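# Summary of structural features
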Amino acid sequence: MIDEMSTTENKSVEITKGINGLDKVVLREINGSTAEVYLYGGHVTSWKNEHGEELLFVSSKSIFKPPKAIRGGIPICFPQFSNMGPLEAHGFARNRVWTIDTDPPPFPSNTTNRVFVDLLLKPTEDDLKIWPHSFEYRLRVTLGPGGDLMLTSRIRNTNTDGKPFSFTFAYHTYFSVSDISEVRVEGLETLDYLDNMKNRERYTEQGDAITFESEVDRIYLSTPTKIAILDHEKKRTFVIRKDGLPDAVVWNPWDKKAKAMADFGDDEYKHMLCVEAAAIEKPVTLKPGEEWKVRQELSAVPSSYCSGQLDPNKVLQSS
Ligand code: BG6
């Protein structure tokens, strides 16, 4: 669970109590950046840079009380994205209590000098009644030396009845933005998307970067491995790098839907944007013993860092 950097003195990984006494893990990097992960949902609720600035949005109205999922941060949507299937919206992983995985199978990647925690979710007897498949879901949340936040998911089919299972998935990341009207998303131009507001009809994105002036709820298909969110007012660019996750959901509820959500402030839509690395259009199928491994890496850089690269193709081509 904890690499060699973790000592009780510097407390680079600390298990403590969060809101309503829920268990949470705090990760602290030497450069001052931090992340917080609730065991409830395996849910990242905070990611701060070295200046202590919060980079994720969490609603001030979020309830932090099971069975309601935490509103904001990074909910894990598994084994079903949205209501596209028999399960509750976005599946059940986001409202189950995960455990700390003290003995995960080794990761091939080098994690020396990184601060991380390993979490594990296995189905309970009750879960098996609503989704009759045994699985082990291992989530590693890592804070890199520069403050980057990495989520690695390993999902294994542990069925003993010889049956495969299929699922859809999303890292439902809520980014904190200064003013949604000043934000643009680059990397999704000219791609096809399914419009959740129009019965998932298929459209093709036209022209320029995506900007926001009303509700948006789309599943972009076959997206590149890198997507950028430019926050003009904050002069900050979020870069999402993803591996194994072909789709990307873009969601902002805007004013009417915001008012309709009990756990979301009426005006909070102005300060958030969800861009969700996902696998939705083509569900993932795993045979018994098979494992699916995917990754999302988030970084936040001053926009000037990207200057001259804001042409989306250039942003996406750079490392
Ligand atoms: C997004 C979906 O991923 O999540 C939206 O595309 C949905 O349709 C939103 O409204 C929030 O979902 P929930 O279940 O957390 O309210």
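Here goes a summary of the coordinates provided. All values reported here derive from a predicted model rather than from experimental measurement. (Residues numbered from 1 in each chain as written. Predicted model: local features only at pLDDT ≥ 70, side-chain atom pairs only at ≥ 80, totals over all residues. Heavy atoms only, no water.)

We now examine the site of the ligand. Close contacts around the ligand come from R71, F81, H90, R94, H172, N196, D217, V249, W251 and E276, and that covers them all. A distance of 3.0 Å is found between an oxygen atom of the ligand and a side-chain nitrogen or oxygen belonging to H90. Here an oxygen atom of the ligand sits 2.9 Å away from a polar atom, N or O, in the side chain of E276. If the ligand stood free it would expose 390 Å²; the protein chains cover 81% of that surface. For the shell around the ligand, the class distribution of residues is 3 nonpolar, 3 polar and 4 charged. (Near = heavy atom within 4 Å. Polar contact = N/O pair within 3.5 Å; in protein donor to acceptor, adjacent residues only side chain to side chain. Areas by Shrake-Rupley, 256 points an atom, 1.4 Å probe, with all protein chains shown as cover. Nonpolar A, V, L, I, M, F, W, Y, C, P; charged D, E, K, R; others polar.)

What follows covers the sheet that holds strand β12 (residues 183–186). Sheet strands pair by backbone hydrogen bonding; their relative direction is either parallel or antiparallel. Taken in spatial order, the 8 strands make up an open sheet running β6-β7-β8-β9-β20-β17-β16-β12, and their pairing is antiparallel. The open sheet has two edge strands with one neighbour each: β6 (99–100) and β12. Where strand β9 (residues 149–157) and strand β20 (residues 291–302) come together, 8 bridges link them in antiparallel fashion. In the strand pairing of β20, I155 is matched with W292. (Pairing = 2+ DSSP bridges. Helix = DSSP H or I, 4+ residues; strand = E, 2+ residues; numbered from the N terminus.)

Before going further, it helps to spend a moment on the nonpolar core. Y137, F169 and Y171 are the most contacted members of the largest nonpolar core, which has 72 residues in total. Counting 9 residues, the second-largest nonpolar core is a separate cluster that includes F81, L221, V249 and I280. (Core = buried A, V, L, I, M, F, W, Y, C linked by side-chain atoms within 4.5 Å. Buried < 20%, exposed > 50% of the residue type's maximum accessible area, 1.4 Å probe, protein only.)

Next up on the list: the pattern of salt bridges. Oppositely charged side chains can form a pair if their charged atoms are brought close together. Applying the stated criterion across every chain, the model contains 21 salt bridges. Between D101 and R138 there is a salt bridge; the shortest N-O distance is 2.7 Å. Within this pair, whereas D101 is found in the loop between β6 and β7 (115–121), its partner R138 is found in strand β8 (residues 135–143), the two being separated by 37 residues in sequence. Looking at R138, the relative accessible area reads 12%, which means it is buried. (Salt bridge = Lys/Arg side-chain N within 4 Å of Asp/Glu carboxyl O.)

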